[in-house]
Amino acid sequence: MGDWERAYRGIILAALGPLRLTHKDLWELTWGEIDDLVYAYKYREYLESLKRAQHAVWLMNASGNLRHPVRVEDLVGYWADGEIMGKNEYFQYCKDKIKRKKQQQEGGESNG
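All values derive from a computational prediction rather than experimental measurement.

K.L.:
Can you lay out the overall build of the chain for me, pointing to particular residues and giving the numbers?
P.N.:
Within the chain one finds 5 helices and 2 strands. Taken from N to C terminus, the helices and strands of the chain fall in the order α-α-α-α-β-β-α. Its C-alpha atoms give the chain a radius of gyration of 20 Å, clearly above 13 Å, the size a compact globule of 112 residues would have. Along the first, second and third principal axes, the C-alpha set of the chain runs to 55 × 50 × 25 Å. Contacts in the chain between residues far apart in sequence, at least 24 positions, make up 21% of those at least 6 positions apart. Working note: accessible area of the chain is about 9100 Å², and carbon and sulfur atoms make up 54% of it. Of the charged side chains in the chain, 17 are positive and 17 negative, and the gap between their average positions amounts to 7 Å.

Below, the structure is given as structure tokens:
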């Protein structure tokens, strides 16, 4: 199975599954629109996870059995560019993003 076919099956699975679209909907929507709906669904699920994790954090921290307080992000992760990342992965993502920004600024100043 090629990359395109794998991506196609993933989008169709998400569209007919969690998004509850019909086969008729698939003929009326563009791939970009379906992709936007999948992205929005993932983000909505992430926000719901944040709510549930907040309740868990309150219980965990109030129990008094932990040496260090737990944060919501410790349980759920961080949302960045449509992905959920762990603490270390998100830290590396931020470092790389800052480096790219600095390189763009330095490149713009030397050309300008």
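Having seen the structure, we can now continue with the description.
K.L.:
Residue-level account of a nonpolar patch on the surface, with values.
P.N.:
A contiguous nonpolar patch, built from Trp4, Tyr8 and Trp31 and spanning about 390 Å² of accessible area, is present on the exposed surface. Looking at the secondary structure, you find tyrosine 8 in helix H1 (residues 3-16).

K.L.:
Please set out the packing of aromatic side chains residue by residue, giving values where relevant.
P.N.:
Overall, the coordinates contain 6 aromatic pairs when judged by the stated rule. Aromatic pair tyrosine 46 and tryptophan 79: ring centres 5.5 Å apart, planes at 40°, arrangement tilted. Of the two residues, tyrosine 46 is situated in helix H3 (residues 31-63) and tryptophan 79 in strand S1 (residues 78-80); the sequence distance between them amounts to 33 residues. Given a relative accessible area of 9%, tyrosine 46 falls into the buried group. For tryptophan 79, a relative accessible area of 18% corresponds to the buried category.

K.L.:
Got a sec to walk through the pattern of salt bridges? Specific residues and values, please.
P.N.:
If you walk through the whole model with that rule in mind, you get 5 salt bridges. The partner of arginine 6 in a salt bridge is aspartate 3, with the nearest N and O atoms 3.2 Å apart. Of this pair, arginine 6 and aspartate 3 both sit in helix H1, 3 residues apart, roughly one helical turn. As a salt-bridge pair, glutamate 28 and lysine 24 come within 3.7 Å of each other at their nearest N and O atoms.

Conventions adopted
- Residues numbered from 1 in each chain as written.
- Predicted model: local features only at pLDDT ≥ 70, side-chain atom pairs only at ≥ 80, totals over all residues.
- Heavy atoms only, no water.
- Helix = DSSP H or I, 4+ residues; strand = E, 2+ residues; numbered from the N terminus.
- Rg over C-alpha atoms; globule rule 2.2 N^0.38 Å.
- Contact = heavy atoms within 4.5 Å.
- Areas by Shrake-Rupley, 256 points an atom, 1.4 Å probe, with all protein chains shown as cover.
- Lys, Arg positive; Asp, Glu negative; His and termini not counted.
- Charge placed at Lys NZ, Arg CZ, Asp CG, Glu CD.
- Patch = residues over 30% accessible without salt bridge, like charges linked within 9 Å, V, L, I, M, F, W, Y side chains within 5 Å.
- Salt bridge = Lys/Arg side-chain N within 4 Å of Asp/Glu carboxyl O.
- Phe/Tyr/Trp six-rings, centres within 6.5 Å; stacked < 30°, edge-to-face > 60°.
- Buried < 20%, exposed > 50% of the residue type's maximum accessible area, 1.4 Å probe, protein only.

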